[in-house]
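Fold and geometry: a report
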Amino acid sequence: MEAYLDNSATTRCFESVAGLMTKVMCEDYGNPSSMHIKGIQAEQYLRYARSVIAKNLKVNEKEIYFTSGGTESDNLALIGAAMANQRSGHHLITTCIEHPAVLQPMQFLESQGFQVTYLPVDREGKVILEELRRALRPDTILVSMMHTNNEVGSVQPVEEAAHMVKSFNSGIIFHVDGVQGYGKYRILPRKMRIDMLSVSGHKIHGPKGIGFLYVNEKVKITPVIFGGGQQKGLRSGTENVPAIAGLAKAVEEIYGSLEMDVESMRSLKNYFVAGVQSIPGIQINGSTREDSSPHIISVSVQGVRSEVLLHALEDKRIYVSAGSACASNKPAYSATLKAMGVEREQLDSTLRFSLSLFTTKEEIDYTLESLYDIIPMLRKYTRY
C-alpha cells in the first residue's frame, strides 16, 4: 500500500486538469499574442481562466495576473508594491512565520533601505493582533500576512488584521499569501479588505509552475519582470496557456464540492490526531480545533529525529515531510516552530502530515499502524 500525506508540498492533479492541458498543448497550442485563429483560441483560454478565478473571488477579471506560482506572486506583490509606493513611506510589516517566498523578498527590501517589522505569534502559531496594532506607523505602506501556515496549519486572523490596518490608514496595502488557504476556504478579497492575494496552482490539484496574483485595481505596483508587455505590462512573458487552462479547471473542480471535501479532510485529520496521540511522547504543534486548517498536522516525536522517521516511513511507501518542502533541505531549525516556543529537543523531531480530498481512511489507518510499529523500534535502536 502507499500513503501520500505530503499534500502541502504538492497535490496530485485532477484527471480533468491533465486532460485539458494535453488538449491545449497538442491541439490549441497557439501563442495568445498571435493575431491568427490559433492565437485567438489560446487567448480565449486566458479570458475564460480570468473569468473563473474572478468569479470565485468576486473581483474584476482585470485584477487577475498569471504568474509561475506562489513564489513569483509573493515577490511581485511585495517588491512591486514597495517600490511603487516608497514615496509614502519605507515601513513594511509581516510575520515571523511566513513562507520564505515572503521572508526573503522582505530581507531584500531591507537591503534596499526599507524597514521591516516581523510580528510574533502565540504558542498555537497565530499572529498576535495587539502586536500588529503597536507596529503600525505613519510611514507604514504594506502589511503581508499568510492565510494558513504551511507547517502547522494555523489560520491567521486575516480579516480582523485587514480591518485594523485599514482603520489605521486606508492607504496601507494589505497582502495575503493564500497558497495554503486557497482551495480550503472561500477567500473574498473585497469583503475581507485584501488588496493583493497570492495563489499557487499545484496546491489545489492543478499543475506546477502556475499561479496567480490578485491586485486591487487601485493598488500601485511596479513590474519586476520586463519584456513583451503581456498582462498590461505587469508580468511580461508569453503566458503558459496549458497551465493557465489547467489552473482554471482546478479552481472549478475544487470549489465545486468544497464544503464536502473540507469536512472529509477535517474528519480524517481528527481521526489521525486521536490515533497518533495514543503513542507516548507525541506532541501536536498548533491547534487542532475547528479554527485550524483541515489538512495540516505537525507532529513532534520525542526521542526520534525527523529525518530518521521520515525515511523509515518512506520505506513503507508513506510520504510525509519535515516542515516546509521549500525549506526542508536546509539544516536550520524551523523558524515557525521556534517562534511558537517549541522546545529545542522537539525542533529536530517534527514531521508534517498533510491531507487532500484524495486522502482515504485506509491511508490514515496504514500510517497509524506503521507509526505504532516504527516509533518504539526507532526509540530503542536510535541514539538521539
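Preceding this section is the structure that the text describes.
Here goes a summary of the coordinates provided. Sequence positions are assigned chain by chain, starting from 1 and proceeding in written order. The predicted origin of the model limits local features to residues at a pLDDT of at least 70 and limits the giving and counting of side-chain atom pairs to 80 or more, whereas totals for whole chains, interfaces and linings rest on all residues. Based on all heavy atoms of the structure, the side-chain values leave hydrogens and waters out of the count.

This part takes up the overall build of the protein chain. Helix and strand definitions here come from DSSP, where helices need a minimum of 4 consecutive H or I residues and strands a minimum of 2 consecutive E residues; each element is numbered from the N-terminal end. Scanning the protein chain for helices and strands turns up 13 helices and 12 strands. By the compact-globule yardstick of 21 Å for 384 residues, the protein chain fits well, its C-alpha radius of gyration being 21 Å. The principal-axis extents of the C-alpha atoms in the protein chain amount to approximately 65 × 55 × 35 Å. For every residue, the accessible area obtained with a 1.4 Å probe (protein chains only) is divided by the maximum for its type, and the residue is called buried under 20%, exposed over 50%, and partly exposed between those limits. Evaluated residue by residue, the protein chain yields a buried proportion of 56% over its 384 residues. Note on areas: Shrake-Rupley, 1.4 Å probe, and residue coverage restricted to the protein chains presented here. A total accessible area of about 16400 Å² is found for the protein chain, and carbon and sulfur atoms account for 52% of it. C-alpha atoms define the radius of gyration, and 2.2 Å times the number of residues to the power 0.38 defines the globule rule.

Looking at where Ser68 falls in the secondary structure, it is placed in the loop between β2 (64–67) and α3 (70–84). With 140 residues separating them in the primary sequence, Ser68 and Lys208 have C-alpha atoms 8.2 Å apart. Contacts are assigned to residue pairs with any non-hydrogen atoms lying within 4.5 Å of each other. In contact with Ser68, other than residues within four places in its own chain, are Gly209, Ile210, Gly211 and Arg235. Within the structure, Ser68 has its side chain in polar contact with the side chain of Glu72 (distance 2.6 Å). N or O atoms within 3.5 Å of each other form a polar contact, as long as, within protein, one can give a hydrogen and the other can take it, and as long as residues adjacent in sequence are counted only when both atoms are side-chain atoms.

A separate point is the nonpolar core. We define a nonpolar core as any set of buried Ala, Val, Leu, Ile, Met, Phe, Trp, Tyr and Cys residues linked to one another through side-chain atoms lying within 4.5 Å. Residues Leu132, Phe174, Leu309 and Phe353 are the most contacted members of the largest nonpolar core, which totals 91 residues. When residues in this core are grouped by element, the largest group, 10 residues, is from helix α8 (residues 241–256). In this view, Phe174 contacts Val143, Met145, Val158, Ala161, Ala162, Val165, Lys166, Arg193, Ile194, Asp195 and Met196; residues no more than four positions away in its chain are not counted. Ranked by size, the runner-up nonpolar core spans 22 residues in total, among them Ile79, Met106, Ile141 and Met196.

We now examine the state of the cysteines. Cysteine sulfur atoms that pair up within 2.5 Å are treated as a disulfide. In total, this model carries zero disulfides according to the counting rule given. Here Cys13 is not disulfide-linked; the sulfur of Cys26 is the nearest cysteine sulfur, at 15 Å. Residue class for Cys13 comes out partly exposed when judged on its relative accessible area of 28%.

Right, let's get into helix α6 (residues 158–168). Here α6 has its buried residues at Val158, Ala161, Ala162, Met164, Val165 and Lys166. Buried-residue contacts for α6 involve α5 (129–135), β5 (140–146), β6 (173–177) and α7 (189–192).

Our focus in this paragraph is unusual backbone geometry. With a phi angle near 60°, Lys58 is a residue other than glycine that sits in the positive phi range. Despite not being glycine, His205 shows a phi value in the positive range, around 70°. Along the chain, His205 falls in the loop between β7 (196–200) and β8 (211–215). Relative accessible area serves as the criterion here: at 3%, His205 is assigned to the buried category.

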